Amino acid sequence: MVSITDIIRPEISSLAAYHVPDAAGLLKLDAMENPYLLPAEMQQALAQHLAQVALNRYPVPSYSSLKQLIADKLGVPADREIVLGNGSDELIAMISVACAKPGAKVLAPVPGFVMYAMSAKFASLEFIGVPLQADLTLDTAAMLAAIRTHRPAITYLAYPNNPTGTLYDADDIVAITHAVGDSGVVVVDEAYQPFAPSSFMPRLTEFNNLVVMRTVSKLGLAGIRLGYMAGNNALMHEFEKVRPPYNINVLTQAAAEFVLQRVEVLDAQAAELRAQRSQLAMALSALPGVQVFPSAANFLLIRVANAEQVFAKLLDHKILVKNVGKMHSLLENCLRITVSTQEENALFMAALAASLTSK
């Protein structure tokens, strides 16, 4: 019999696989997805476009047309190289592999996106988590102290942060980027950029060690799994070396190119979700015993008494949110709710009100 302990690294054996709960029959408000479909006529045109894709051929590995559209439509500076990934998860893995020198460390605020720490572990990098402050804002002094102590090869700053929704102060990010200096790379993760009021993408040319990473998932294309990053061209050249060949399949490429030529449709959906976020935040704040944290993303983080019970009662109402209370002590009794359509937000609010008052 094969001995797993003799084959698999112990730090991998000790992990649990990334879990995605079954949402069949539920109102799914746990994954920060865009609830809107493409308009019917656009769906039909896309179907005809995809039908013409040569599935018998590998993708053209340069992806030059897709990269040009990303630069033109999504605001990447013209003189910055772009590297593509199968979602931002693959980009994080690529950065980890490229920077995995013996003894190298990864630094990020916690609680934050779980894949920063997981990808570090996969690549045998040490992960250093710096706790946020009690109000879930960035502890800049602690971050700067950790940089001086650990000299991280990679520093992640989610802008805004998941699962808190916090938009860190831009001056703090600049200070951290300067503190890291030439000894490491600073990755500003802008997965939720369509819902935030600011971006570091236009500032790429100010910093040689800055990488801005994004995904089209939150914009409304989660199903095609496309992420991209840009930065110092020399850095992008090195990251490109560890990118798996043909990692963006022909259907993803064709769908992305088709939709990006009509990106104003997705921009309008994002604007509607920003408006719904404000309305939902106000409605939640009006409920007794509910604390709502500021969010620049397409979700809201709330704190309620007995969050485990409230989560279970919401499930009884066929509504799935994310119970993040066990992720970190700062998130005790917290739930994360995806902002959805006006109708779905109303269903959630009614279920939450009932869940808070029922015994």
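The rules behind these values
- Residues numbered from 1 in each chain as written.
- Predicted model: local features only at pLDDT ≥ 70, side-chain atom pairs only at ≥ 80, totals over all residues.
- Heavy atoms only, no water.
- Buried < 20%, exposed > 50% of the residue type's maximum accessible area, 1.4 Å probe, protein only.
- Helix = DSSP H or I, 4+ residues; strand = E, 2+ residues; numbered from the N terminus.
- Pairing = 2+ DSSP bridges.
- Axes fitted to C-alpha atoms, helices over the stretch in contact; angles between N-to-C directions.
- Contact = heavy atoms within 4.5 Å.
- Lys, Arg positive; Asp, Glu negative; His and termini not counted.
- Salt bridge = Lys/Arg side-chain N within 4 Å of Asp/Glu carboxyl O.
- Right-handed = clockwise from strand over helix to strand, strands pointing away.
- Phe/Tyr/Trp six-rings, centres within 6.5 Å; stacked < 30°, edge-to-face > 60°.
- Lys NZ or Arg CZ within 6 Å of the ring centre and 35° of its normal.

1. Comments concerning the pairing of strand β13 (residues 334–338)
Item 1. A large share of β13 lies buried, amounting to five of its five residues.
Item 2. Here β13 shows no split at all, with C334, R336 and T338 on one side and L335 and I337 on the other all buried.
Item 3. Here five bridges tie strand β10 (residues 299–303) to β13, and the two strands are oriented antiparallel to one another. Considered in β13, the bridge of I302 is made with L335.
Item 4. Bridge count for strand β12 (residues 322–323) against β13 is two bridges, and the pairing is antiparallel. Note that in β13 the partner of K322 across the bridge is R336.

2. A short note on the sheet that holds strand β7 (residues 210–215)
Item 1. Reading across the sheet, the seven strands line up as β2-β8-β7-β6-β5-β3-β4 and stay open at both edges, with mixed pairing between neighbours. The two strands at the open ends of the sheet, each matched to only one other strand, are β2 (81–85) and β4 (126–131). Shown here is a sheet whose adjacent strand axes are inclined to one another by a mean of 25°, direction ignored.
Item 2. Inspection of the sheet shows strand β5 (residues 154–158) paired to strand β6 (residues 185–189) by five bridges, in the parallel sense. Bridging from a neighbouring strand, L157 pairs with V188 of β6.
Item 3. Contacting β2, β6, β7 and β8 (227–231), helix α10 (residues 233–241) runs over the sheet at an angle of about 140° to β8.

3. A look at the side chain of K218
Item 1. Looking at where K218 falls in the secondary structure, it is placed in helix α9 (residues 217–221).
Item 2. One buried charged residue, K218, forms no salt bridge at all, with the nearest opposite charge on E33 at 7.6 Å.
Item 3. Filtering out sequence-adjacent residues up to four positions away, K218 remains in contact with A31, M32, N34, A191, Y192, F195 and N298.

4. Some words on the sheet that holds strand β9 (residues 291–292)
Item 1. Reading across the sheet, the four strands line up as β9-β10-β13-β12 and stay open at both edges, with antiparallel pairing between neighbours. Of all the strands in the sheet, just β9 and β12 have a single pairing partner and so form its edges.
Item 2. As defined by bridge partners, β9 adjoins β10 across two bridges and the pair is classed as antiparallel. In the strand pairing of β10, Q291 is matched with R303.
Item 3. Packed onto the sheet, helix α12 (residues 264–285) meets β9 and β10 and runs at close to 10° relative to β10.

5. Here we look at the pairing of strand β3 (residues 105–110)
Look at any regular strand and the pattern is simple: side chains alternate between the two faces of the sheet.
Item 1. Along β3, six of the six residues are buried, which leaves the element largely enclosed by surrounding structure.
Item 2. Taking every second residue as pointing to the same face, both faces of β3 are buried, with K105, L107 and P109 on one and V106, A108 and V110 on the other.
Item 3. Inspection of the sheet shows β3 paired to β4 by six bridges, in the parallel sense. Following the sheet pairing, P109 is matched in β4 by V130.
Item 4. At this point the chain moves from β3, through helix α6 (residues 114–122), to the parallel β4, and the crossover so formed is right-handed.
Item 5. Note that β3 and β5 share two bridges and pair parallel. By the bridge assignment, V106 is partnered in β5 with I154.

6. Looking at unusual backbone geometry
Item 1. Here the bond from V110 into P111 is cis, since omega is 0°, no more than 30 degrees from zero.
Item 2. Relative to the helices and strands, P111 is located in the loop between β3 and α6.
Item 3. For R225, which is not a glycine, the phi torsion comes out positive at approximately 55°.
Item 4. Its location among the elements puts R225 in the loop between α9 and β8.
Item 5. A relative accessible area of 31% means that R225 is categorised as partly exposed.

7. Observations concerning the packing of aromatic side chains
Item 1. Counting across every chain of the model gives five aromatic pairs.
Item 2. Relative to Y116, the ring of F113 lies with its centre 5.5 Å away and its plane at 90°, an arrangement referred to as edge-to-face. Note on accessibility: F113 and Y116 belong to one class, buried.
Item 3. Seen from their ring centres, Y192 and F299 are 5.3 Å apart, and the 80° between their planes marks the pair as edge-to-face. Taken together, the positions of Y192 in the loop between β6 and β7 and F299 in strand β10 put the pair 107 residues apart, joining distant regions of the chain.
Item 4. By relative accessible area, which is 0% here, F299 ends up buried.
Item 5. Through pairs of rings, three or more aromatic residues link up here, namely F113, Y116 and Y156.
Item 6. Of note, R262 hangs over the ring of F258, and the distance from its end group to the ring centre comes to 3.7 Å.
Item 7. The ring of F299 has R336 sitting right over it, with the charged end atom 5.8 Å from the ring centre.

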